[in-house]
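Chain residues, written in single-letter form:
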Amino acid sequence: MRIYRAKDYYDMSRKAANIISAQVIMKPDCVLGLATGSTPVGTYAQLVEWYKKGDLDFSEVKTVNLDEYKGLDQSNDQSYFYFMAEHLFDKVNIDFQNVNIPNGMETDADKECARYEAKIKALGGVDLQLLGIGHNGHIGFNEPNGQFDRTTHCVNLTQSTIEANKRFFASEEDVPRQAYTMGIKTIMQANKILMVASGEDKAEIVKRAFFGPITPEVPASVLQLHNDVTLVGDEAALSLI
Ligand code: GLP
């Protein structure tokens, strides 16, 4: 595992964007696994800036996102599709045919999860998977005490995740209770993993994830078993390690 200490959020975002850029330059038709949440926003902003300068080309890049709320359609401004369009896809020359996000409007969970997992396989797997980390150690929407061997599945969000994400909704009742997410197994099959973490409130969970016991209680702790993980954190997030 490599750990890069960034001075602050901006520095973290630039370092993470550099790693993603390197992937895109080395393999223009790579499969990028992308994440939502507030942490990667600066990373996407940096990629957009470099794209605008002519340094990056997304025309052949394929993307697969980690997760999507069940019940929200793409035009809902709280859907992860909307988030990705707003922060990255609408601002670079990506072909929307190459964009993959679970379909939150598919009510048949088994069908949607099987479709998504098959799509990832058909693309040849993920070259580089970007991850954030939830306060309870979740990655994607893999909440604590799930199984490590799961592929894409439908999850019930925990109260702590609903609490953490309610700031983006009009009220807590509006936060969807379920989501489709790549499973831990899907995430672990990525060739490379890049985690971004920012802020003092993430320091404890980052320490537990990377230096604590490997346990389903802290889903991100499984990353200790992956052979190509890079953690880019700002000083606050890395302050306990
Ligand atoms: C959500 C997403 C995760 C993300 C997490 C942390 O629950 N499903 O992929 O890592 O939030 O978000 P933030 O970066 O805003 O702390």
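Residues numbered from 1 in each chain as written. Predicted model: local features only at pLDDT ≥ 70, side-chain atom pairs only at ≥ 80, totals over all residues.

**A short note on the site of the ligand**
Argument step 1. With respect to spatial proximity, 14 residues lie near the ligand, and among them G37, S38, T39, G132 and G134 are the closest.
Argument step 2. Looking at side-chain class alone, the shell around the ligand contains four nonpolar, nine polar and one charged residues. (Near = placed C-beta within 6 Å. Nonpolar A, V, L, I, M, F, W, Y, C, P; charged D, E, K, R; others polar.)

**Things to note about the UniProt feature "domain: Glucosamine/galactosamine-6-phosphate isomerase" (unreviewed entry) in the protein**
Argument step 1. Here the UniProt feature "domain: Glucosamine/galactosamine-6-phosphate isomerase" (unreviewed entry) sits at residues 15–228.
Argument step 2. Helix makes up 31% of residues 15–228 and strand 14%. Its end C-alpha atoms lie 16 Å apart. (UniProt positions renumbered as here; feature names shortened; annotations may be inferred. Helix = DSSP H or I, 4+ residues; strand = E, 2+ residues; numbered from the N terminus.)

**Considerations on the nonpolar core**
Argument step 1. Judged by nonpolar contacts, the single largest core of 64 residues is most densely connected at I133 and M195.
Argument step 2. Sorting elements by how many residues they give to this core places helix α1 (residues 9–26) first, with six residues.
Argument step 3. Excluding residues within four positions of it along the chain, M195 makes contact with L131, I133, V229 and L231. (Core = buried A, V, L, I, M, F, W, Y, C linked by C-beta atoms within 7 Å. Buried ≥ 20, exposed ≤ 12 C-beta atoms within 10 Å, placed from the backbone. Contact = placed C-beta atoms within 7 Å.)

**Some thoughts on the pairing of strand β3 (residues 62–65)**
Argument step 1. Residues K62 and V64 point to one face of β3 and T63 and N65 to the other, with burial holding for every one of them.
Argument step 2. Of the pairings in the sheet, the one linking strand β2 (residues 31–34) to β3 comprises four bridges and is parallel in character. Of the residues in β3, the one forming a bridge with L34 is N65.
Argument step 3. In terms of handedness, the path from β2 via helix α2 (residues 41–52) over to β3 forms a crossover that is right-handed.
Argument step 4. Note: β3 against strand β5 (residues 99–100), two bridges, orientation parallel. Within β5, the position partnered with V64 by the bridge is N100. (Pairing = 2+ DSSP bridges. Right-handed = clockwise from strand over helix to strand, strands pointing away.)

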